[in-house]
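Each chain is listed here by its residues.
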Amino acid sequence: MKVHNWKDPVSFVAPEKSEPVLECDVMNDGNERIVWLPQAPPPNRKSKSHGYDAARAPRQRMTFGRLSRSILQAVMLCVAAAIGSPAISQTYPVKAVHLIIPFPPGAYGDTFTRLVGRKLSEGLGQPVVVENRPGAGGNIGSNYVAKAAPDGYTVLMGSTANATSVSVYTNLPYDLTRDLVPVSLVVTVPYVLVTNPGVSSGSLEKLIQLARAKPGTLTYASSGNGSGVHLTSELFKLRTATDLVHVPYKGIASALTDVVGGQVSMMFASIDTALPYIRGAKINALAVTSAKRSPLLPQVPTVAESGLPGFEAAGWLGVWVPVGTPKDIVTRLNSEIRKALESPDVQKRFQELGAEAAPTAPDEFFRFIGSEIEKWVPVVKASGVRMD
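Note that the structure is predicted; figures quoted are calculated from it, not measured.

Peer 1: Break down empty space enclosed by the protein for me, with residues and values.
Peer 2: Across all of its chains, the model carries three cavities of 30 Å³ or more by this definition. Its boundaries defined by the atoms lining it, the second largest cavity holds a volume of some 40 Å³. L176, T177, L180, P182, W320, F366 and I369 are the residues that line the second largest cavity. Secondary-structure elements contributing two or more residues to the lining of the second largest cavity are α6 (176-179), β9 (180-195) and α13 (362-383). Residue classes in the lining of the second largest cavity are distributed as six nonpolar, one polar and no charged.

Peer 1: How would you sum up the pattern of salt bridges? Please name residues and give values.
Peer 2: Throughout the structure, instances matching the rule amount to 11 salt bridges. The shortest N-O distance in the salt bridge between R349 and E352 comes to 3.1 Å. On the criterion of helical spacing, the pair formed by R349 and E352 is a turn pair, its members being three residues apart in helix α12 (residues 344-352). For R349, a relative accessible area of 34% corresponds to the partly exposed category. On the basis of relative accessible area, E352 is assigned to the partly exposed category, the value being 36%.

Peer 1: Mind laying out unusual backbone geometry, listing which residues take part and the relevant values?
Peer 2: In this structure, the amide linkage connecting Y92 to the following residue, P93, adopts the cis form with an omega of -5°. Tracing the sequence through the fold places P93 in the loop between α2 (86-91) and β6 (97-101). A positive phi is found at A136, a non-glycine position, where the angle reads about 55°. By secondary structure assignment, the location of A136 is in the loop between β7 (128-132) and α4 (139-146). Of note, A281 is a non-glycine position whose phi angle comes to about 60°, a positive value. Exposure remark for A281: the relative accessible area of 61% places this residue in the exposed category.

Peer 1: Just give me the short version of the side chain of S290, but keep the residues and values in it.
Peer 2: Relative to the helices and strands, S290 resides in the loop between β13 (284-288) and β14 (314-322). Relative accessible area serves as the criterion here: at 17%, S290 is assigned to the buried category. Among the polar contacts made by the side chain of S290, one reaches the main-chain carbonyl oxygen of K292 at a distance of 2.5 Å. Apart from residues lying up to four places away in sequence, S290 is in contact with P190, T302, E312 and A313.

Peer 1: Residues and numbers for the environment of N171, please.
Peer 2: Relative to the elements of secondary structure, N171 occurs in the loop between α5 (160-168) and α6. Separated by 217 residues in sequence, N171 and D388 place their C-alpha atoms 5.9 Å apart. Side-chain polar atoms of N171 contact the side chain of T170, separated by 3.4 Å.

Peer 1: For the packing of helix α3 (residues 110-124) against α12, give the residues involved together with the corresponding values.
Peer 2: Look at α3 against α12: their axes get within 11 Å of each other, and the N-to-C directions meet at 175°. As far as their axial angle goes, α12 and α3 are roughly antiparallel. Between α3 and α12, the contacting residues are F112, L115, V116 and K119 on the first element and D345, V346, R349 and F350 on the second. Of the residues assigned to the contact of α3 with α12, the class counts are five nonpolar, no polar and three charged.

Peer 1: I'd like a description of the nonpolar core, backed by residues and values.
Peer 2: Among the nonpolar cores identified, the biggest contains 48 residues, and V194, F236 and M267 are the most heavily contacted of them. Among all residues touching V194, those that are not within four sequence positions of it are L256, V259, S265, M266, M267, A274, I278, I283, N284 and A285. Listed in part, the 35 residues of the second largest apolar core include I101, V128, V181 and L341.

Peer 1: Tell me about α3, and please be specific about residues and values.
Peer 2: For α3, with 15 residues, the first-to-last C-alpha span of 20 Å sits near the 21 Å given by 1.5 Å per residue. By the burial criterion, the buried members of α3 are D110, F112, T113, L115, V116, G117, K119, L120 and L124. G125 sits one or two residues past α3 and shows a positive phi near 75°.

Peer 1: Summarise the side chain of S233; cite the residues concerned and give the values.
Peer 2: Here S233 lies in helix α8 (residues 228-240). With a relative accessible area of 2%, S233 lands in the buried category.

Peer 1: Could you give an account of the packing of aromatic side chains, with specific residues and numbers?
Peer 2: Applying the stated rule across the entire model yields nine aromatic pairs. A centroid spacing of 5.1 Å and a plane angle of 90° characterise the contact between F112 and F350, whose relative ring orientation is edge-to-face. Taken as a pair, F112 in helix α3 and F350 in helix α12 lie far apart in primary sequence, 238 residues in all. F350 shares its class with F112; the two are buried. Centre to centre, the rings of F236 and F268 are 5.6 Å apart; their planes meet at 65°, and the pair counts as edge-to-face. Highlighted residues: F236 in helix α8 and F268 in strand β12 (residues 266-270), separated in sequence by 32 residues. Each member of the pair F236 and F268 is classed as buried. The cationic tip of K95 hangs over the ring face of Y153; the distance from NZ or CZ to the ring centre is 4.8 Å. A cation over an aromatic ring shows up here: R133 above the ring of Y144, its NZ or CZ 3.7 Å from the ring centre.

Peer 1: Let's hear about the packing of α3 against helix α11 (residues 327-342): which residues, and what values?
Peer 2: Direction vectors running N to C along α3 and α11 enclose 120°, while the axes themselves pass 9 Å from each other. In terms of orientation, α3 lies oblique with respect to α11. For the element pair α3 and α11, the recorded crossing hand is right-handed. In this structure, α3 uses V116, K119, L120, G123 and L124 to contact α11, whose residues at the interface are R332, L333, E336, I337, A340 and L341. Partitioned by chemical class, the residues of the contact of α3 with α11 number seven nonpolar, one polar and three charged.

How each quantity is defined
- Residues numbered from 1 in each chain as written.
- Predicted model: local features only at pLDDT ≥ 70, side-chain atom pairs only at ≥ 80, totals over all residues.
- Heavy atoms only, no water.
- 1 Å grid on protein atoms, 1.4 Å probe; cavity = no way out; pocket = protein on both sides within 12 Å on 5 of 7 lines; lining within 4 Å.
- Points joined across faces, edges and corners; volume = space filled by probe spheres on them.
- Helix = DSSP H or I, 4+ residues; strand = E, 2+ residues; numbered from the N terminus.
- Nonpolar A, V, L, I, M, F, W, Y, C, P; charged D, E, K, R; others polar.
- Salt bridge = Lys/Arg side-chain N within 4 Å of Asp/Glu carboxyl O.
- Buried < 20%, exposed > 50% of the residue type's maximum accessible area, 1.4 Å probe, protein only.
- Polar contact = N/O pair within 3.5 Å; in protein donor to acceptor, adjacent residues only side chain to side chain.
- Contact = heavy atoms within 4.5 Å.
- Axes fitted to C-alpha atoms, helices over the stretch in contact; angles between N-to-C directions.
- Parallel < 35°, antiparallel > 145°, perpendicular 65-115°, else oblique.
- Core = buried A, V, L, I, M, F, W, Y, C linked by side-chain atoms within 4.5 Å.
- Expected span 1.5 Å × (residues − 1).
- Phe/Tyr/Trp six-rings, centres within 6.5 Å; stacked < 30°, edge-to-face > 60°.
- Lys NZ or Arg CZ within 6 Å of the ring centre and 35° of its normal.
- Left-handed = near helix turned anticlockwise from the far one by under 90°.

Following this line, the structure appears as structure tokens:
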């Protein structure tokens, strides 16, 4: 039996039974609690399964005094969904929590996720097991969490790729806004445009001039088709009217390795990943994609400063759980994430990596996701980036 609370994006899912599925909404009508349920079937109306079609049956208003025992049970489930279950949050968790990264080890976000995971383990009092489930631009791991039991023990550390995939992929196996419940934004990390030493350009302006003079000769790496790095590069191509050749990789680490090695001309890499190579003079940093210069690279201008006003993009990470996860668990996870991100040692480490901790309430994260989805739709449309 599936019960939805219309006021709360977190649904409560009860075990399936042999009786027909009943969907009900709980709302306040003055001081009276009203429950809407499918009307009982006419005696002569039958179907192949349960004797009537609950989805098509007309709805009727019923009061508690007229309810049968089975319907009363459904009502109690609705009420439980509406008012929450404090007992759940008081006992959760009682076993290890699995934090899923939908990218390979060493990829974008891996360091941040493991750092946050350790802090969450301290706060929750149970192990937090970080698992890498890469593939399909992060969608294999994301789908795994979307299909997991909604009990708070399987959690997704998603990223910018989740928002871009909505418009890039034509047949996603899950729906980001319907199958997953936002818990909190975690961190934002600006990109830095880097080139290998063989590319004769000492500034972003010169790079653009070179690309225009030799269309189709410069290549750029990305962490995969439809990723934030990929679409940031496509946005750059659109804004500069240049012809750059895309070389996708399975993760940002392998992509950056080939830029360092000279196999690829350039890429937009997350600052935390590129910083060691920049400091080692193995690649050249031309511009950062944030609105302000990075404290870690104060000598590197922003893309906007370098002749592309308004250009801004950043990678980010955020936490989701499967839809149906009890609200109290979502609240507990949100609280522990905020505590982890506000701890001095995490703040210090994030700053060392050029990142900014960004804890939010679930509804704030929900609105942020919506804005990110809308932001990349025109870029996907103009660039023609589509994946099956």
